[in-house]
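Fold and contact review
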Amino acid sequence: MKLRKRLAMLAMVCAVVMLAAVQGYGGHAASSGSSHWTYEGESGPEHWGTLSPQYATCSTGSNQSPINLHAAYEAKLDRVAFSYQGTPLNIINNGHTIQVNYQPGSTVTVDAQTYELLQFHFHTPSEHKVNGESFKMEMHLVHKKGEGELAVVGVLMKEGQANRFLDAIIQHIPKHAEERSMVEAVTINAADVLPESGEYFHYYGSLTTPPCSEGVNWSVLKTPVEASAAQIEAFHSVMGDNARPVQQVNQRFLLMSTQ
Ligand SMILES: [Zn+2]
């Protein structure tokens, strides 16, 4: 029962904007009676665990995300198998991130389990580090299986050439919290943002936002993709800094694919 409750909560909060889309909320956690949280000051990441009993895992959890990805064990992992379709552009600014909700029908298979793509969203700068190095931006593709088990794929972004995939989103980015843009005429496909190389880091962690629920299957693609300085700024100017600091690895094994 306890596990079930936890999974339900995990599904509820990570898919906060799915709820928002269905119920017409702005997507803010306050809608479900949870406490206000931010990325700085008294409601910042160091305090998340005490803002609400529901957020306790943010400070007591020992399998938290993000982390610094280093000293990973090389392993022959299956490639992350993406089966993504196009989706009408449906963007929401939930006050914490810019999120694009996905229509049903796109999946990813990782660890021989298939998960459905719910949404993707952005962090500036990156949340994960690689050998201590931070990146300008990170995109999280959030997937769910059955009862609510989550798998998140991270795509690191560095400054370079303009990224065509991001253009459609930037053109319609909702500038203010609680705003959304639904552009039926524009179809995007998250497959277009993925790097060619399938190499990735793999570990078990958590949501990187309250309630920081654990049991999340993480795959962070090793090869960063490029985005122009102007594109990164287009996101940063709306979201601000929205990266949780890296957390302790503790007893976890980090794996790194070799193919
Ligand atoms: Zn995220």
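A short tour of the structure in this document, coming up.

Scoring rules and cut-offs
- Residues numbered from 1 in each chain as written.
- Predicted model: local features only at pLDDT ≥ 70, side-chain atom pairs only at ≥ 80, totals over all residues.
- Heavy atoms only, no water.
- Disulfide = S-S within 2.5 Å.
- Helix = DSSP H or I, 4+ residues; strand = E, 2+ residues; numbered from the N terminus.
- Buried < 20%, exposed > 50% of the residue type's maximum accessible area, 1.4 Å probe, protein only.
- Salt bridge = Lys/Arg side-chain N within 4 Å of Asp/Glu carboxyl O.
- Donors = N, O, S within 2.8 Å, 3.2 Å for Na, K, Ca; no water.

**Some words on the state of the cysteines**
In the structure shown here, the tally under the stated rule is 1 disulfide. Cys-58 shares a disulfide with Cys-212; S-S distance 2.1 Å. Sign of the S-S torsion, about 90° for the bond between Cys-58 and Cys-212, identifies this disulfide as right-handed. Pair noted here: Cys-58 is in helix α4 (residues 57-60) and Cys-212 is in the loop between β12 (200-206) and β13 (214-227), with a separation of 154 residues, a long-range link. Assessed through its relative accessible area of 0%, Cys-212 is described here as buried.

**Comments concerning the pattern of salt bridges**
Summed over all chains, the structure comprises 3 salt bridges. Residue Lys-136 pairs with Glu-159 through a salt bridge whose shortest N-O separation is 3.7 Å. Of this pair, Lys-136 sits in the loop between β8 (129-130) and β9 (137-145) while Glu-159 sits in strand β10 (residues 149-159), and the two are 23 residues apart along the sequence.

**Description of the coordination of the zinc ion**
For the zinc ion, the protein coordination sphere consists of His-121 (NE2), His-123 (NE2) and His-140 (ND1), at 2.0 to 2.1 Å. For the zinc ion, all donor residues lie on one chain, and their spacing in sequence is H-x1-H-x16-H. With a gap of 19 residues between them, His-121 in strand β7 (residues 113-123) and His-140 in strand β9 connect regions that are remote in the sequence. Side by side, His-121 and His-140 carry an identical accessibility label, which is buried.

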